[in-house]
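What the coordinates show
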Amino acid sequence: MTREAIDEFRRFQRDKEVNSQLYSKLTVRGKVQVKSSDIQVGDLIIVEKNQRIPSDMVFLRTSEKAGSCFIRTDQLDGETDWKLKVAVSCTQRLPALGDLFSINAYVYAQKPQMDIHSFEGTFTREDSDPPIHESLSIENTLWASTIVASGTVIGVVIYTGKETRSVMNTSNPKNKVGLLDLELNRLTKALFLALVALSVVMVTLQGFVGPWYRNLFRFLLLFSYIIPISLRVNLDMGKAVYGWMMMKDENIPGTVVRTSTIPEELGRLVYLLTDKTGTLTQNEMIFKRLHLGTVSYGADTMDEIQSHVRDSYSQMQSQAGGNNTGSTPPRKAQSSAPKVRKSVSSRIHEAVKAIVLCHNVTPVYESRAGVTGETEFAEADQDFSDENRTYQASSPDEVALVQWTESVGLTLVSRDLTSMQLKTPSGQVLSFCILQLFPFTSESKRMGIIVRDESTAEITFYMKGADVAMSPIVQYNDWLEEECGNMAREGLRTLVVAKKALTEEQYQDFESRYTQAKLSMHDRSLKVAAVVESLERELELLCLTGVEDQLQADVRPTLEMLRNAGIKIWMLTGDKLETATCIAKSSHLVSRTQDIHIFRQVTSRGEAHLELNAFRRKHDCALVISGDSLEVCLKYYEHEFVELACQCPAVVCCRCSPTQKAHIVTLLQQHTGRRTCAIGDGGNDVSMIQAADCGIGIEGKEGKQASLAADFSIRQFRHIGRLLMVHGRNSYKRSAALGQFVMHRGLIISTMQAVFSSVFYFASVPLYQGFLMVGYATVYTMFPVFSLVLDQDVKPEMAMLYPELYKDLTKVWASGRLSASRLALTPGILHE
């Protein structure tokens, strides 16, 4: 109890540390510092860049000129892409920060709910004539546990504490008790029944002579050494030693044992449920390959692309006097160079230009040191040099693409809602007007943009997206499908880039139909999609790009080791299906020889039934399923789905909410009875970590929420290999041997006492003095106990080299729920 009280006190201290973080609160008298725990509904809170948002807020104002900012939501929903949030226009237009107190306005917000992807509210300013009413949606909100990625934001608090979205999506933690402790409790109950039975047998053999009930009580005391009273103390001391060994292991530095009652659980895991973002991956994208159909460029040939781009723009500038841009100059220049060379150069130029134009990336320039307060809102004195530029986008893939175009000579230097500026290798600035932007959605799997080159007035429609979405809408080719498959096998995330030139008349016709569709009150989304699709026909295929999401160090060998140890790995992520599938392949979570069954999107019971039947016919294939389809399957066919999923070598669940992750853990525990372990590094993994039998948190880029809530905290994913194979295995084997020793010891004493009493006509006389027995049960046998706590059957290097040794510990489950400690009586019985 004392040890558990110490663990709880440490958790209290960690919570207090988080709740004591200081934030700036805007008042009539100016800024004051408040603790996050003292923030109340209605407060105006200022949150700086890279600072955590302490409560759910409505976004009123930002230092960014465009009136919008980016936030990182990976601790809330697990998605790596940054979200664009828009300030309420009424408050953003105010001249100064202090004017927020000069207006009479109020915010209406819906009652607290769990859905992190929707919000309904209104902002009303009453002191204007007429009153201003603004509709508030999800893009005007800043949820708690997200991080401000650009500028400084000011918001009004609408939900705090248990009413915030992040807390409502976090399940209540349970008090974890190890399976070994539960099994020993059951064994102790069985030994107590054996004690009572033996005492009754002795009294019966005595013939119930005299005060037999007094003799029964004496026999109960004499045989009481059967019950391993000292086992609990010995085990607790052993667990303290196991935790100390883990934290002092130089091969896994930074490991912290936060729950010291369940180290044996690490030695008997069957299911490992892992997050993706920041756990398996570093969330750092690197551009790896550009394929033009006839030629492919890799990391070692990027300098060729750079020279082609430089030559193209230098020829354009020399032939057109430095004023003409676009695709016309390269075509004019083809006569002055070999045709093949110029054709490749022209195609590279078009591909690079398409990549640098078709995105939602915004270049951001940091304010100079010393610029604080209101001057930030004027956005004055900023450094626009190349060294001071950073890119922000809703996807790290897009940032990687734009950074790559900068490396080959074509740089995005400025962007706002209506225009974009590029800088050529020679330093010339090209301006483009953004006419329309079609953002990426999980349904369309592609994004598009229509731009007008301000120097030539040419209008071009650029589009990029997943190969499955782009293949039907590009012109016929014979290489796209094959090359996409090749890149996917290398673990690269592919994007197909295409374009279509538009005349002024074509664009005006499209714009009128598009505007009309957006104003429609019925089936608006369908009508808008239909108008856009009319434009997405016979696009010219430009290139195929391959981007790699950098994996954490030694992820592949670690996953291979865990698989060889008999541990089934499930990846639960809030990220997109394509991204999750790509990482599953590149990390070798799914081996190259295994098929992948992507569970079709289902919305009804009938569709779920058909899809489950189709999945049932597959053998030895990994399963990929989205959170929405999972919800439908669990609603109607919970047992059937879990039974089929447990037969898969690997399972990937994408678009999972935090509560869904915890629900999956609970289902595995209920349907299989096996021990589960959850590992993650973000706030969206806390529910899963707390629901699992053993929770492991990684302290990384996404903060310390998962690390603080977990039972064990590590620095890198690869450390889990040694934690399980060496420390988990040793802890379980040592505790099982310790339990056997203590129970064996009690059985020996009780058996000697039973023989002694039988020889002397079943007299209830003790064989040894009381102090001798107490000493035997404690001091005299202390050293054998500690020798078991420090015992190791194989060296740590051997345990890591042969993970099958770990598998042997869980094999006994195959013929029913039988465990090593269930066999604790065997040595004693055989000996007797």
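Residues numbered from 1 in each chain as written. Predicted model: local features only at pLDDT ≥ 70, side-chain atom pairs only at ≥ 80, totals over all residues. Heavy atoms only, no water.

A word on the overall build of the chain
When its secondary structure is counted, the chain shows 29 helices and 32 strands. Looking at the chain as a whole, 52% of its 832 residues qualify as buried. Counting contacts in the chain only where the partners sit at least 6 residues apart, residues at least 24 apart contribute 70% of the total. Surface accessibility of the chain: about 37700 Å² in total, with carbon and sulfur atoms responsible for 55%. (Helix = DSSP H or I, 4+ residues; strand = E, 2+ residues; numbered from the N terminus. Buried < 20%, exposed > 50% of the residue type's maximum accessible area, 1.4 Å probe, protein only. Contact = heavy atoms within 4.5 Å. Areas by Shrake-Rupley, 256 points an atom, 1.4 Å probe, with all protein chains shown as cover.)

Some points on empty space enclosed by the protein
Summed over the entire model, instances satisfying the criterion amount to two cavities of 30 Å³ or more. The calculated volume of the largest cavity comes to roughly 70 Å³. Trp570, Leu630, Leu634, Phe641, Val642, Ala645, Cys653, Ile664, Leu667 and Leu668 together form the lining of the largest cavity. Counting only elements with at least two residues in the lining of the largest cavity, the list comes to helix H19 (627–636), helix H20 (638–646) and helix H21 (658–672). Here the lining of the largest cavity is built from residues that sort into ten nonpolar, no polar and no charged. If you add up the space inside the second largest cavity, you get close to 50 Å³. Along the walls of the second largest cavity sit eleven residues, with Lys353, Phe432, Asp453, Thr460 and Tyr462 positioned nearest its centre. Taken together, the elements giving at least two residues each to the lining of the second largest cavity come down to helix H9 (339–357), strand S22 (446–453) and strand S23 (459–465). The element best represented in the lining of the second largest cavity is S22, accounting for three residues. (1 Å grid on protein atoms, 1.4 Å probe; cavity = no way out; pocket = protein on both sides within 12 Å on 5 of 7 lines; lining within 4 Å. Points joined across faces, edges and corners; volume = space filled by probe spheres on them. Nonpolar A, V, L, I, M, F, W, Y, C, P; charged D, E, K, R; others polar.)

Quick word on helix H18 (residues 605–616)
Relative to the 16 Å expected for twelve residues at 1.5 Å per residue, H18 spans 16 Å between its end C-alpha atoms, a close match to the ideal helical length. For H18, the full list of buried residues reads Ala608, Glu611, Leu612 and Phe615. Taken around the axis of H18, the buried residues stretch over an arc of 105°, which confines them to a single face. If you follow the buried residues of H18, they end up packed against strand S27 (595–598), strand S28 (621–626), H19 and H20. (Expected span 1.5 Å × (residues − 1). Arc of directions from axis to C-beta.)

Notes on the side chain of Ser36
As for its placement among the helices and strands, Ser36 is situated in the loop between strand S2 (30–35) and strand S3 (44–47). Separated by 2.8 Å, the side chain of Ser36 and the backbone oxygen of Asn19 make a polar contact. The residues contacting Ser36, other than those within four sequence positions of it, are Val18, Asn19, Ser20, Gln21, Tyr23 and Pro54. (Polar contact = N/O pair within 3.5 Å; in protein donor to acceptor, adjacent residues only side chain to side chain.)

Quick notes on a nonpolar patch on the surface
On the surface, Met752, Tyr768, Phe771, Leu772, Val779 and Tyr780 cluster together into a nonpolar patch covering about 610 Å² of accessible area. Structurally, Met752 can be placed in helix H24 (residues 719–759). (Patch = residues over 30% accessible without salt bridge, like charges linked within 9 Å, V, L, I, M, F, W, Y side chains within 5 Å. Salt bridge = Lys/Arg side-chain N within 4 Å of Asp/Glu carboxyl O.)

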